[in-house]
Amino acid sequence: MISVEEALTRILEAIFPLPLEKVNILDALGRVIGEDVHASRNIPPKDNSAMDGYAVRWQDTFGATQKHPALLTVIEDIPAGAIPHKSVGPGEASRIMTGAPVPDGADAIIKMEDTEKDGQKVRIFTAAHQGLDIRNAGEDVHEGEKVIHRGDVVRPAEIGMLAALGRSFISVHQRPVVAVLATGDELVDIDESPTPWQIVSSNSYSIAAQISECGGIPLQIGIAKDTREDLVAKFKAALRADLIISSGGVSVGDYDLVKDIMKEVGNNMQFWQVAMRPGKPLAFGSLEGIPIFGLPGNPVSSMVSFEQFVRPSILKMTGHKNLFRKTVKATLKEDITKKEGTRHFIRAKVDYENGQYTVSTTGEQGSGILKSMVRANGLIVLPEDATSVKAGGKVAVQLIDRSLEQTSKPGYP
Ligand code: AMP
Ligand code: MG
């Protein structure tokens, strides 16, 4: 039996980021950028106005107040997008809109609210200083500056920046196509009507969703019967993918052929008993150079093993650096007991109350109780040597979704 850490280390040593591809920036959302982005231009390109108002020479407004306004002659109207034609001289002003280029000669903007138009003249009720309400060329980004770093995750802000720089395409790490193969004579697909001794291959769907959720592209290979021919055929069909995941057939039952077949078809399979629960049986290796996971068949085991081993692998393939779910310390609300020797991942509901995390189990913890996952937003991680934790004790909890990042009421702590 190997530890969770050892399994994870060995797996991640064998997984590598995929090559880059060029995608439209909108398709880059959530993906990892594969190049440094240097600004090809200044943003803004020219000094421009931060306000609707008047472009002036600041000295002309010296000492201006509500009672004693400065009176300037308006020489031009500069809407956004227009090119100023006239230079602002002493005693002059140009009417200017937000975002319009500041005309030569002017060195401050007086906002509309501090002015009053009077024919060809404008009264200025406030004194400006040099640079008031002018956005300087390059004040956001100056030409040549590195604005996005290789390895950054692309968010809406990065997409906006790329657009501002005129970059419609960008290099990101490819998303892996991940083959999903269910195995078992008892399984039927979702729209077939199961006889009482058949069950729907829910793993095909939970695994596919887990793949999508971390950025992979699921490829359904279907359900293989527990026969040599069918398993070989389906594993061969899976060889189109960048990563292969099978579920079931990796434990010690009479029909658990996956192990044998993988050894046959592949050249580098390792079969482990990982000291964890659920999810003790796990196969990992490669088939014709493609990494493959043989996950256990029980619906909860398959999901928990995916969380611990496959998710970090897919994130690594897509170029991410932060591969692991956040783990928090939480106060346990009930007593839990366990057997010594394996690490337990207990399905749990985590809350954040009065500045601290609290956690309780989602009930019955059998590896076939998928409902325990449905109700969970975390996994309590109990170490190998633990045998019990009492209510009120502190436990580590892995957060497996983003529910704690959202809240029903607006506000601040
Ligand atoms: P196995 O590891 O093949 O012995 O499967 C263990 C248990 O998980 C059995 O009760 C299977 O019926 C169940 N199981 C296996 N594959 C799936 C699947 N794709 N969807 C739902 N349950 C499954
Ligand atoms: Mg089976």
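Look above for the structure.
(A) Summary view of the overall build of the protein. If you tally the helices and strands in the protein, you get 7 helices and 28 strands. In terms of overall dimensions, the protein is more spread out than a globule: its C-alpha atoms have a radius of gyration of 31 Å, far above the 22 Å expected for 413 residues. Reported as C-alpha extents along the three principal axes, the dimensions of the protein are approximately 95 × 50 × 40 Å. Burial statistics for the protein: of 413 residues in total, 47% are counted as buried.

(B) Representation of unusual backbone geometry in the model. Between Ile43 and the following residue, Pro44, the backbone shows a cis peptide bond with an omega angle of -10°. Tracing the backbone through its elements, the reader meets Pro44 in the loop between β2 (37-38) and β3 (48-49). That bond from Arg277 to Pro278 is cis: its omega, 0°, falls within 30 degrees of zero. With respect to the element layout, Pro278 can be found in the loop between β19 (276-277) and β20 (281-287). Of note, Glu288 is a non-glycine position whose phi angle comes to about 45°, a positive value.

(C) How the structure looks around the side chain of Ser301. Its location among the elements puts Ser301 in helix α6 (residues 299-317). Not counting the four nearest positions on each side in its chain, Ser301 is found in contact with Pro278, Gly279, Pro296 and Ser367.

(D) Local environment of the layout of surface pockets. Its volume calculated, the largest pocket comes out at about 1100 Å³. In terms of lining, the largest pocket is formed by 32 residues, of which the most central are Glu213, Arg311, Arg325, Arg402 and Glu405. The residue inventory of the lining of the largest pocket, partitioned by class, reads 10 nonpolar, 12 polar and 10 charged. Its boundaries defined by the atoms lining it, the second largest pocket holds a volume of some 620 Å³.

(E) Looking closely at the nonpolar core. In terms of nonpolar packing, the biggest core is built from 37 residues, with Val274, Phe306 and Phe309 touching the most fellow members. At the level of elements, α1 (4-13), β13 (177-183), α3 (202-213), β17 (243-247), β20, β21 (290-295), α6 and β26 (378-382) are the ones that each hand at least two residues to this core. Formed jointly, this core draws a minimum of three residues from each of two domains, domain 1 (4-16 + 175-317) and domain 4 (327-405). Residues contacting Phe309, with those up to four places away along its chain left out, are Val4, Ala7, Leu8, Ile11, Val274, Met276, Leu282 and Phe293. Listed in part, the 21 residues of the second largest apolar core include Phe235, Leu239, Ala241 and Ile261.

(F) Expanded view of the site of ligand 1. Around ligand 1 lies a shell of 17 residues, among which Glu186, Ser201, Gly249, Gly297 and Asn298 are the nearest. Note that a nitrogen atom of ligand 1 is positioned 3.2 Å from one of the backbone N or O atoms of Asn203. Protein contact buries 78% of the 490 Å² of open area that ligand 1 shows by itself. Here ligand 1 occupies the second largest pocket.

Parameters at a glance
- Residues numbered from 1 in each chain as written.
- Chains lettered and ligands numbered in written order.
- Predicted model: local features only at pLDDT ≥ 70, side-chain atom pairs only at ≥ 80, totals over all residues.
- Heavy atoms only, no water.
- Helix = DSSP H or I, 4+ residues; strand = E, 2+ residues; numbered from the N terminus.
- Rg over C-alpha atoms; globule rule 2.2 N^0.38 Å.
- Buried < 20%, exposed > 50% of the residue type's maximum accessible area, 1.4 Å probe, protein only.
- Contact = heavy atoms within 4.5 Å.
- 1 Å grid on protein atoms, 1.4 Å probe; cavity = no way out; pocket = protein on both sides within 12 Å on 5 of 7 lines; lining within 4 Å.
- Points joined across faces, edges and corners; volume = space filled by probe spheres on them.
- Nonpolar A, V, L, I, M, F, W, Y, C, P; charged D, E, K, R; others polar.
- Core = buried A, V, L, I, M, F, W, Y, C linked by side-chain atoms within 4.5 Å.
- Domains from an automatic or database assignment.
- Near = heavy atom within 4 Å.
- Polar contact = N/O pair within 3.5 Å; in protein donor to acceptor, adjacent residues only side chain to side chain.
- Areas by Shrake-Rupley, 256 points an atom, 1.4 Å probe, with all protein chains shown as cover.
- Sits in = over half its atoms within 2 Å of the grid points.

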